[in-house]
Amino acid sequence: YLVSVRDVGHTKQLHRNLIECYNRYRSIFLHSQVGMYQSTPDGKLLSVNPAFARILGCKDEKQLKEKFKDVRDLYIDPEKRKQIIELLARDGKIDHMECQLKHLKKGSISVSLNTVAIRDTNDKLVMFEGTVVDLSERENYRQMMKVFQDSVSEVFDGILIADLDDRVFYVNQA
């Protein structure tokens with residue numbers, strides 16, 4: 001008879017730790033308010049989180065992939081995708097690049113992209129990972145401020161707007 005005895009307690013603990021780590025990062029991915037994605041250089045969407053789908057007006061990843069078959073289909077300006085690919089190939093990342101993406105219900109939406117290029121051990125570009133932040137609220141704020149400024153610029157009384165730290169945000173011409 002040949003008997004082999006092996007203590008698997010350490011292996012089981014490593015397995016439990018791995019599952020715990022996976023669950024922790026999966027939760028961040030699923031519950032983040034920032035859109036997250038992975039795509040290939042040739043335009044295939046590998047994965048997106050619920051926030052990414054929601055930012056583009058879709059109810060979930062499935063609907064997003066049905067409506068936008070290719071990452072290139074997301075861009076209002078097709079040249080923007082080419083520019084992003086060139087920058088990522090050259091620099092390895094982009095930070096806070098603003099662009100217009102298609103929105104299922106609104107037509108288009110302003111977003112800020114943060115993306116890194118992922119390379120294999122042979123330095124071949126294999127994937128992009130990134131985040132998308134919806135800039136709509138900022139755009140709405142800018143438009144409201146423009147309307148406000150246009151409205152008060154004609155007022156004959158002096159208007160000064162400042163915060164509690166005495167930082168001045170607006171002064172009209174009066």
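Placed above this text is the structure.
Basis of the calculations
Residues numbered from 1 in each chain as written. Predicted model: local features only at pLDDT ≥ 70, side-chain atom pairs only at ≥ 80, totals over all residues. Heavy atoms only, no water. Helix = DSSP H or I, 4+ residues; strand = E, 2+ residues; numbered from the N terminus. Buried < 20%, exposed > 50% of the residue type's maximum accessible area, 1.4 Å probe, protein only. Pairing = 2+ DSSP bridges. Axes fitted to C-alpha atoms, helices over the stretch in contact; angles between N-to-C directions. Contact = heavy atoms within 4.5 Å.

Asker: Give a detailed account of unusual backbone geometry, specifying residues and quantitative values.
Answerer: Peptide bonds are, in most cases, trans, and in most cases residues other than glycine have a negative phi. Positive phi is not limited to glycine here, since histidine 96 has a value of about 55 degrees. Relative to the helices and strands, histidine 96 is located in strand S3 (residues 93-103). Take histidine 96: its relative accessible area is 59%, and that puts it in the exposed class.

Asker: Quick rundown of the pairing of strand S5 (residues 125-134)? Include the residues and the values.
Answerer: Summarising the sheet, strand S1 (residues 35-39) and S5 pair through 5 bridges and their orientation is antiparallel. Paired with tyrosine 37 across the strands is glycine 130, a residue of S5. The pairing of strand S4 (residues 107-119) with S5 spans 9 bridges and is antiparallel. What sits directly across from serine 112, in S5, is valine 133. Taking the residues between adjacent antiparallel strands as the criterion, S4 and S5 are bridged by 5 residues, where aspartate 123 takes a positive phi near 70 degrees.

Asker: Provide a residue-level description of the sheet that holds strand S2 (residues 45-48), including the pertinent values.
Answerer: Strand order in this open sheet of 5 strands is S2-S1-S5-S4-S3, and the pairing throughout is antiparallel. The open sheet has two free edges, formed respectively by S2 and S3, since each of these has just one partner strand. Adjacent strand axes in the sheet meet at a mean angle of 30 degrees, parallel and antiparallel pairs treated alike. Contacting S1, S3, S4 and S5, helix H4 (residues 78-91) runs over the sheet at an angle of about 160 degrees to S3.

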